[in-house]
Amino acid sequence: MNPDYYKDEHYRTIIHVDLDCFYAQVEVMKNPELKNVPFGVQQKNIVVTSNYLAREFGIRKCMLLSDAKQMCPNLVLVNGEDLNDYRSMSYKVTSLLQKYSNSVERLGLDENFIDVANLVDEKLQDNTFQVHSVGNIFGNIETLCQCGCEVRLKVASLIAEEMRKLIYEELGLTSCAGIAHNKLLAKIVCSKHKPNQQTVIFPNSALELMLSLNSVENIPGIGKATSEALRTINIRTIQDLQNIAISELNKLFDSEKAKFLQNLSYGIDKSLVKRSGKPLSIGLEDSCKLISAEKEVKEKLTELLKRLLILVEADGRIPKTIKLTVRKFDKLTKTSRRETRQSNINPHLFTSGKVALMNSGNVDKILITLMGLFRKIVQVRRPFHITLLGLSFNKFNERPDIRRSLALFLRKDLEVQSITSIENLNSNDSSPESAAPSPSSYRESSDQECEPTPKRTKLNMFKRNLMEYDKCESPCKLRVQDLQLNSEKHDNNQNISCPPSVDESVFKELPLDVQHELWSEYKRTRNELVNFGNRAKRVKGNTLLNYFVKK
Ligand code: DCP
Ligand code: MG
Ligand code: MG
């Protein structure tokens, strides 16, 4: 392989995080008594995973229940067929990792790739930063590449340690991490030391790592069908795949795939970390014994809705539609049929934070919609029999974001560099889901406040955002220094008051530093302002002060 190829590729810095015995850890949270007993998580007749205590008895993932019981007669079993708790925990982990990079790609429920190249650059700019690696190192470190990748990967190992610590402190989950210059190596090396450990691999050990896999079917990216196809031309081991002439592979696969497969055998993976979106829908279903009365339907839907609202709250987006699924049982034909109906919901029910979301008034409003949908599916005056009810929210708006709201306003005529850090927080965000909601997104509501003038909307949104923003403890919070748009530093002891052009009630709600900033900007520009009583003509350009100027 051309050595220059490796050199070009070494700039990339990727961390792969995999949670330890994921379903089992979630089950321990629900029932701490499981912590010290060997137990498996069961789906149908398979043990899909087990805690590490059970693994000491030889229990492996996806073992038949009967085999597992034979191996460990005391094995406790927990039903893991409802994936909702796993799913919601999985998204919490991804959200934490998104604090480190815009490029986070989910793989299954318990794995994430994070491209930390930018963060590594940032850390390396700090001359006081002490570079060293933490955790295990795979392979030998005597002939390391001199292109600078060694330092980058060491810094990434420190970042990985911090990520794992955060996941543990915030969510109580232990995890493993692999650190490498590409996704393939990061994923493979991640599993070299388990549980609750991390491993870094430098590019010189890529071949050694690949050869440690023995069989081609152990290479991530090579599925069952591909490995079976490879077997027809006698390719079983990693060396077989490395040594085969590409013309032979071309007989089985198109040239792109043939090259891709052979690259994998050398530990080469050019694929980028693709930013993962949020799920298209968030839903719950419960099968039930025959329900034949509307009252019971309402009770069941209330219970489902309350559970679903917790998931929506964790997701963070604002749902726009709700869908009801009903499975009807026909006693005559003894057959079942599923039907669904969908309706828009008032997004204002979801815009005021957790308290408003879960209050019984809001639950009741959504229930009225749901019972209306139910009556469209089922003729309630005739006898009916329901065996399953399901609810899902399926269209979403991103929750308005204080950073985005300000940054969008300030984007034009931007003169000051510091505000770009606000923009950068979302710069890779191209998905339509995550676009800032337009004022029209709020028009469905009957609330008086939802049809304000555009300027009022902005102020109201800002006020609402501010209140929610103040409640959250996120490292992504708009940093006060980012708002210091002009170089003049404010004196904390100076007397400040609300500039005449700004709504006083809005001003009072702003953080002190923003108040300072507005006041000093007003003082700087007041010679240019033409005052009319307590109104003011705007100065040119998108300044922080103009954002708050009353229309
Ligand atoms: N899982 C599944 N079916 C499989 C493999 C796994 O349903 N064939 C589920 C159960 C696991 C979860 O996915 O808890 C994550 O899969 P992992 O392979 O990462 O396994 P674990 O996280 O359980 O264990 P490990 O500590 O080895 O990562
Ligand atoms: Mg795992
Ligand atoms: Mg996994």
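Above: the structure in question.
These notes cover the structure that comes with them. Every value quoted in this text rests on a predicted model; they were computed, and no experiment measured them.

**A few points about the site of ligand 1**
Around ligand 1, the structure places 14 residues, and the nearest of them are Cys21, Thr49, Tyr52, Asp110 and Lys194. Contact between ligand 1 and aspartate 18: an oxygen atom at 3.2 Å from a side-chain N or O atom of the residue. When ligand 1 is considered free in solution it has 550 Å² of accessible area, and contact with the protein chains removes 77% of it. Among the cavities detected, the one that contains ligand 1 is the second largest pocket. Taken together, the elements giving at least two residues each to the shell around ligand 1 come down to strand E1 (14-19), helix H2 (22-30), strand E3 (46-50) and helix H3 (52-55). Looking at the shell around ligand 1 residue by residue, the class counts come to seven nonpolar, one polar and six charged.

**Some details on the layout of surface pockets**
Roughly 600 Å³ of internal volume is contained in the second largest pocket. Lining the second largest pocket we find 28 residues, and of these Asp18, Lys61, Glu111, Lys187 and Lys194 sit closest to its centre. Put simply, the parts of the chain that give the lining of the second largest pocket at least two residues each are E1, H2, E3, H3 and helix H8 (183-190). By residue class, the composition of the lining of the second largest pocket is 13 nonpolar, five polar and ten charged.

**Quick look at the coordination of the magnesium ion (ligand 3)**
Reference values for coordination geometry: four tetrahedral donors around a metal ideally subtend 109.5 degrees, six octahedral donors ideally subtend 90 or 180 degrees. Looking at the magnesium ion (ligand 3), one finds its protein donor set to be Asp18 (OD), Asp110 (OD) and Glu111 (OE), positioned 2.1 to 2.6 Å from the metal centre. Site description for the magnesium ion (ligand 3): donor spacing in sequence, D-x91-D-E. A gap of 3.4 Å separates the magnesium ion (ligand 3) and the magnesium ion (ligand 2), which aspartate 18 links by coordinating each metal. Placement of aspartate 18 in strand E1 and of glutamate 111 in strand E7 (residues 111-115) is noted, with a sequence separation of 93 residues between them. In this pair, the class of aspartate 18 matches that of glutamate 111, namely buried.

**Observations regarding the packing of aromatic side chains**
This model, assessed by the stated rule, comprises four aromatic pairs. The cationic tip of arginine 106 hangs over the ring face of tyrosine 91; the distance from NZ or CZ to the ring centre is 3.7 Å. We note lysine 183 situated over the ring of phenylalanine 113; from NZ or CZ to the ring centre the distance is 5.3 Å.

**Concerning the side chain of aspartate 115**
You can see aspartate 115 is positioned in strand E7. Salt bridges are absent for the buried aspartate 115, whose nearest opposite-charge side chain, arginine 12, sits at 4.9 Å. Within the local environment of aspartate 115, its side chain forms a polar contact with the backbone nitrogen of alanine 117, the two atoms lying 3.0 Å apart. Setting aside its immediate chain neighbours within four residues, aspartate 115 contacts Thr13, Ile14, Ser101, Ser103 and Val273.

**Here's the deal with the sheet that holds strand E14 (residues 335-344)**
The four strands are arranged E11-E15-E13-E14 in an open sheet whose pairing can be described as antiparallel. Taken across any chain shown, the strands that pair with only one partner, and hence form the sheet edges, are strand E11 (282-291) and E14. Averaged over all neighbouring strand pairs, the angle between strand axes comes to 15 degrees, with direction disregarded. Across seven bridges, the pairing between strand E13 (residues 321-330) and strand E15 (residues 386-393) is antiparallel. Residue threonine 325 lies in a different strand from E15, and its bridge partner there is glycine 390. Along the sheet face, helix H14 (residues 294-315) touches E11, E13 and E15 and points at about 160 degrees away from the line of E11.

**Quick word on the sheet that holds E3**
The strands making up a sheet associate through backbone hydrogen bonding, with each pair oriented either parallel or antiparallel. In spatial order, the strands read E4-E3-E2-E5; together these four strands make up an open sheet with mixed pairing. Here the strands that pair on one side only, and so sit at the sheet edges, are strand E4 (63-64) and strand E5 (76-79). Examined bridge by bridge, strand E2 (residues 39-43) and E3 share four bridges and lie antiparallel to one another. Following the sheet pairing, glutamine 43 is matched in E3 by isoleucine 46. Contacts from H2 reach E2, E3 and E5 within the one sheet, and its direction differs from that of E2 by about 105 degrees.

Reading guide: rules and limits
Residues numbered from 1 in each chain as written. Chains lettered and ligands numbered in written order. Predicted model: local features only at pLDDT ≥ 70, side-chain atom pairs only at ≥ 80, totals over all residues. Heavy atoms only, no water. Near = heavy atom within 4 Å. Polar contact = N/O pair within 3.5 Å; in protein donor to acceptor, adjacent residues only side chain to side chain. Areas by Shrake-Rupley, 256 points an atom, 1.4 Å probe, with all protein chains shown as cover. 1 Å grid on protein atoms, 1.4 Å probe; cavity = no way out; pocket = protein on both sides within 12 Å on 5 of 7 lines; lining within 4 Å. Sits in = over half its atoms within 2 Å of the grid points. Helix = DSSP H or I, 4+ residues; strand = E, 2+ residues; numbered from the N terminus. Nonpolar A, V, L, I, M, F, W, Y, C, P; charged D, E, K, R; others polar. Points joined across faces, edges and corners; volume = space filled by probe spheres on them. Donors = N, O, S within 2.8 Å, 3.2 Å for Na, K, Ca; no water. Buried < 20%, exposed > 50% of the residue type's maximum accessible area, 1.4 Å probe, protein only. Phe/Tyr/Trp six-rings, centres within 6.5 Å; stacked < 30°, edge-to-face > 60°. Lys NZ or Arg CZ within 6 Å of the ring centre and 35° of its normal. Lys, Arg positive; Asp, Glu negative; His and termini not counted. Salt bridge = Lys/Arg side-chain N within 4 Å of Asp/Glu carboxyl O. Contact = heavy atoms within 4.5 Å. Pairing = 2+ DSSP bridges. Axes fitted to C-alpha atoms, helices over the stretch in contact; angles between N-to-C directions.

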